[in-house]
Amino acid sequence: MAVRRPRRGAAAAPESPAHSSRRPCRLPGRRAGAATGQAAPLLLVLVAAAARAGASAAVGPEVHSLRGSWRLGNGNGSVVLRGEVPGCVHTALHRRGLIQDPYYRFNDVMYRWISLDNWTYSRTFKTPFDVRKWQKVNLVFEGVDTVAQILINNITLGRTDNMFNRYSFDITSVIKEVNFVEVRFLSAISYAAEQSRCHKAYSIPPVCPPPVQKGECHANFIRKEQCSFSWDWGPSFPTQGIWKDVRMEAYNHYHLIHFSLTSFFVKSAWQWSLEIESIFDVVSSKPIAGLVTVSIPKLQTQQTFSVKLQPGEGSIVLLVNINKSSTVEAWWPNGHGKQTGYNMTTTFNMEAGYQIEKFSKAYFRTVELVQESIPGSPGLSFYFRINGRPIFIKGSNWIPADSFQDRVTYDILWLLLKSAADANMNALRVWGGGVYEQDEFYDICDELGIMIWQDFMFACALYPTDQNYLESVRAEVSHQVRRLKSHPSIILWSGNNENEAAIASNWFSIPYADREVYIKDYVMLYVKNIREIVLTEDKSRPFIASSPTNGLESVKEGWVSQNPYDTHYGDTHFYDYSNDCWNWTVYPKTRFASEYGFQSWPSFSTIEKVSSTEDWSYTSNFSLHRQHHENGNDQMLQQIGHHFKLPQSTDPIKKFKDMIYLTQVMQAQCIKTETEFYRFSQSEIIKGEGHTMGALYWQLNDIWQAPSWASLEYGGKWKLLHYFAQNFFAPLLPVAYEDKGVLYIYGVSDLHVDHKLTLRVVVHAWSSLEPVCTLAKDSVTVKAQSAVPIYKESINDLLERCRNCTRKSCVVTFCLVGEGGLQSPTNHHFLSSLKDAVGLEKTQLSASVSQRDDIYVFVLQTTAIAPFVSLDVGNIKGRFSDNGFLMTEKKKVVVFYPWEPTSVEELEKSLTLTSLVDVV
């Protein structure tokens, strides 16, 4: 059985309870300027309230952004430049031409000095309003990365130490007509080291990442993107900067600082309701009364509430019942229905001050995480019910799209998320070693129907639990849950990545006698703090403490189970690089596969941008430097060697390109085999295992140009794996596997109704484009949302039936066809390793390209069967309708969808066609 996986080492995660009153020393004056848990202000329309007799109309708040160009300087003043806000030091230096692309060649190591220095952002600004007219003026930072002292007019407002918090400082008494604001950063590396040094009671591992990651130490001592200190797929760039918006807010009477809505279905009343939460800062000394009206015209729903706001910061929660005579369209995941949202207006009419009109989208969906006993199996189920319907979760894991968050634009997010949806994914897990993503990320997921499993930002580590640390985490969790809970796409909160497993499997070699200290810390952080806040703030979706976990069984065992990888409970992470990945028997027949994967190299066109000619070999210093997973390059070779011949070309660049191609073919075929195993296991229990209801492979996207587990390269280009995903996640799919010499085909369906279909099984000899034999099995019933066996034949009988075939000379393809154009992708099953295939001929592949409206049509022709046909158009941005396919017919039409303007000439010039027989 596979090694369970001390996979991606280093990084930070949560857990630990400070069990004594001893507190680690902190850098002077660490806390201040309350980190408030409020969401970014939403679109507010401010209308002067009708003036009462003799009173003048009140004016709404003044909001003034300080984004734009700031002065940026290093610790000793030797480097001074302009830097954009939002932004970070690295991107500022790069934009000004003071450094090369940080991703170029070995620059991640060459530019360590940037993160080790202490940088200061500063600017002068005129106050754009008369300060005397306002009762309160705040300076609000949506995100500071990470450790900084904030000053205005040389007066310290406070300090920041958490990248994931929102900080609001009261500047009413210090603001002038012209102001000088400074954000003095401290190196995150130095700070983390100092925090670790001060935690003297006991060590909190891991200390440093594995050397192969070329990273920084003690990431778990700073509330910052954990992978910014390096990971096994990414570089170390511990950034400094004001990474989100910064603004001034001036107001009288009261100010809305947070607004959210969550939907519930009340079964007893058979009615939808909305819970609307508003948090206000009331600056008047007396309570303020008024009326709040909520209106959803399309659902004929309008309700008015009398409210009273008390002085200080407080919230009001309104429950709106949706008109029963209206038909509510629920929000459904991709592939299961529409993503309907309703325009909603909330109007606050208060006796003092102004009227606020708040426009938002209301979505209606329910989510349940079902953990129940299963007949014929020990343990519990682990699956999601959305709007009462069990949904098989299909997707991947999301990591930060760039080391420098200010480079992640809406267009980049859209491209990556749309690519996920286009590959028939309905879910992504936002992994706990990155960042809580920007609002636009979740907006796009709402729109595309991509469900989000949301980790809190703790990963692969143990964490401190001293009072200061816990306070910071509590503010972080409160802020993030409030900011994100309105999104229907988020279906689960998860406390951390792999930290239950880290303790249970003793990754950090903790002596048994000390184990209790760390378990206590774990429970303190994830259960007594994070879970408590989540359950208070959001009752609309489930929470689990870790991933992988045994779910309710872990809870029963005191939150750290004996074996979090138990296939009978919860979810599993599974990695095995040595066993043959085509052998489905090595995979766990788990309830839910939330991480699994294999590496590959990105395309040559992606690597070329950050390398020079001498780097273009699989064994170059660059290729070793870029691989951050121990023995990763060798593991890929080993996996390729099971089924393919390794490239032997004497042309070094062709050999490198062939290697890249083979790593992508291997990765695609491996993850196809594993994912299909999880999909066909959904309806059966074998030896107590099965009912698999989720497959999220590791990982969707890349943070830079390097070998990794991703299916989308840095820049968004689809690897062969992503094209395969489009097929292996198809709503209707026939899946084949062999067991003891017998070929089984299952009909896998995510469709909501049963279908009577025809199964076509075609056997080809490698040496001929004419099929050796064809079998059509009619009236095959493929049941709704299940996986059922639809075909069974011994390989010997099959070969007997198809004369002149042997395992080595033939290949099987099959598809499902129904009425009204219903058709599955054509799937394949290899009867032997392709390195042993007999009759494969060198083929002449050619393509003609033509334009049709906004798309391009490639007509491919071949003179012989061609396995793993790859079309590559280099740096031209876009994707094909199909790629990496087994070409068994003379002609095939493939469509190219461009992401930017191109032409037939450009495409023809850039096109490279490769199949397995071109690798020599």
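Only a predicted model underlies this, so the values are computations on that prediction, with no experimental measurement involved. Each chain carries its own residue numbering, running from 1 in the written order of its sequence. Local features in this predicted model are restricted to residues of pLDDT 70 or higher, and side-chain atom pairs are both shown and tallied only at a pLDDT of 80 or more, whereas totals for entire chains, interfaces and linings draw on every residue. Note: side-chain values were computed over all heavy atoms of the structure, leaving out hydrogens and water.

A short note on helix H6 (residues 439–448)
- Regarding H6, the residues found buried are Phe441, Tyr442, Ile444, Cys445, Asp446 and Leu448.
- Note on definitions: a residue-residue contact is assigned when non-hydrogen atoms from the two residues lie within 4.5 Å. A run of H or I in DSSP counts as a helix once it spans at least four residues, and a run of E counts as a strand once it spans at least two, with each numbered from the N terminus. In the core, the buried residues of H6 are packed alongside strand S25 (393–398), helix H5 (410–422), strand S26 (427–430), strand S27 (451–455), helix H7 (467–484) and strand S28 (490–494). For every residue, the accessible area obtained with a 1.4 Å probe (protein chains only) is divided by the maximum for its type, and the residue is called buried under 20%, exposed over 50%, and partly exposed between those limits.

Some words on the sheet that holds strand S11 (residues 178–185)
- Between any two strands, pairing holds if DSSP finds at least two bridges. Strand order in the open sheet formed by 6 strands is S5-S4-S6-S11-S8-S9, and the pairing between neighbours is antiparallel. Only two strands of the sheet have a single neighbouring strand rather than two, namely strand S5 (80–85) and strand S9 (155–160). On average, each strand axis in the sheet is tilted by 25° relative to the strand beside it, whichever way the strands run.
- Two elements, strand S6 (residues 120–126) and S11, share 7 bridges in a ladder whose sense is antiparallel. Among the inter-strand pairings, threonine 124 is bridged to a residue of S11, identified as phenylalanine 180. A fitted line through C-alpha atoms serves as each axis, taken over the contacting stretch for helices, and the angle formed by two N-to-C directions is quoted from 0 to 180°.

A word on helix H15 (residues 720–728)
- Across the 9 residues of H15, 8 count as buried, placing the element largely inside the fold.
- For H15, the elements touching its buried residues are H5, helix H14 (652–680), strand S34 (694–697), strand S35 (732–739), strand S44 (866–872) and strand S45 (878–880).

Regarding the side chain of aspartate 117
- Position of aspartate 117 relative to the elements: it lies in the loop between helix H3 (112–116) and S6.
- Although aspartate 117 is buried, it forms no salt bridge, and the closest oppositely charged side chain is arginine 71 at an N-O distance of 12 Å.
- We call two N or O atoms a polar contact when they sit within 3.5 Å, provided that within protein one can donate a hydrogen and the other can accept it, with sequence-adjacent residues counted only if both atoms are side-chain atoms. Among the polar contacts listed, one links the side chain of aspartate 117 to the side chain of asparagine 74, at a separation of 3.1 Å.
- Here glycine 75 takes part through its backbone nitrogen, which lies 3.1 Å from a polar atom of the side chain of aspartate 117. A residue counts as positive if it is Lys or Arg and as negative if it is Asp or Glu; His and the chain ends are not included. One side-chain nitrogen of Lys or Arg within 4 Å of one carboxyl oxygen of Asp or Glu is enough to make a salt bridge.

Here we look at the pattern of salt bridges
- All chains considered together, the criterion is met by 39 salt bridges.
- A salt bridge links lysine 556 to glutamate 553, with the nearest nitrogen and oxygen atoms 3.7 Å apart. Placement of the pair is lysine 556 and glutamate 553 together in helix H10 (residues 552–556), with a separation of 3 residues, close to one helical turn.
- The partner of aspartate 882 in a salt bridge is lysine 892, and the shortest N-O contact between them spans 3.1 Å. Taken together, the residues span a long stretch of sequence, with aspartate 882 in the loop between S45 and strand S46 (885–887) and lysine 892 in strand S47 (residues 891–898) at a distance of 10 residues.
- Judged by relative accessible area, aspartate 882 falls into the buried class, the value being 17%.

Some remarks on empty space enclosed by the protein
- Using a 1 Å grid laid over the protein atoms alone, points where a 1.4 Å probe fits but cannot get out form a cavity; open sets with protein on both sides within 12 Å along at least 5 of 7 lines form a pocket; any residue with an atom within 4 Å of a point counts as lining. Grid points are joined across faces, edges and corners, and a volume is the space filled by probe spheres set on the points. Tallied over the entire structure, the rule returns 7 cavities of 30 Å³ or more.
- The calculated volume of the largest cavity comes to roughly 90 Å³.
- As for the largest cavity, its lining consists of 13 residues, of which Leu261, Thr262, Ser263, Tyr363 and Ser486 are closest to the centre.
- Ranked by residues supplied to the lining of the largest cavity, first place goes to strand S15 (residues 254–266) with 3 residues.
- In the scheme used here, Gly and all other residues not listed as nonpolar or charged are polar, with Ala, Val, Leu, Ile, Met, Phe, Trp, Tyr, Cys and Pro taken as nonpolar and Asp, Glu, Lys and Arg as charged. Residues of the lining of the largest cavity, tallied by class, amount to 5 nonpolar, 5 polar and 3 charged.

With respect to the state of the cysteines
- By disulfide we mean two sulfur atoms from cysteines, separated by a distance within 2.5 Å. The final tally for this structure, using the stated rule, is 4 disulfides.
- One disulfide in the model links cysteine 208 with cysteine 217; its S-S distance is 2.1 Å. Between cysteine 208 and cysteine 217, the S-S torsion sits near 105°, and that sign places the bridge as right-handed.
- The partly exposed category is assigned to cysteine 208, whose relative accessible area is 37%.
- Shown here is the disulfide that connects cysteine 773 with cysteine 802, its sulfur atoms set 1.8 Å apart. Negative torsions about the S-S bond denote left-handed disulfides, and the value of about 50° found for cysteine 773 with cysteine 802 makes this one right-handed. Within this pair, whereas cysteine 773 is found in strand S38 (residues 771–782), its partner cysteine 802 is found in the loop between helix H16 (795–801) and strand S40 (810–817), the two being separated by 29 residues in sequence.
- With a relative accessible area of 13%, cysteine 773 lands in the buried category.

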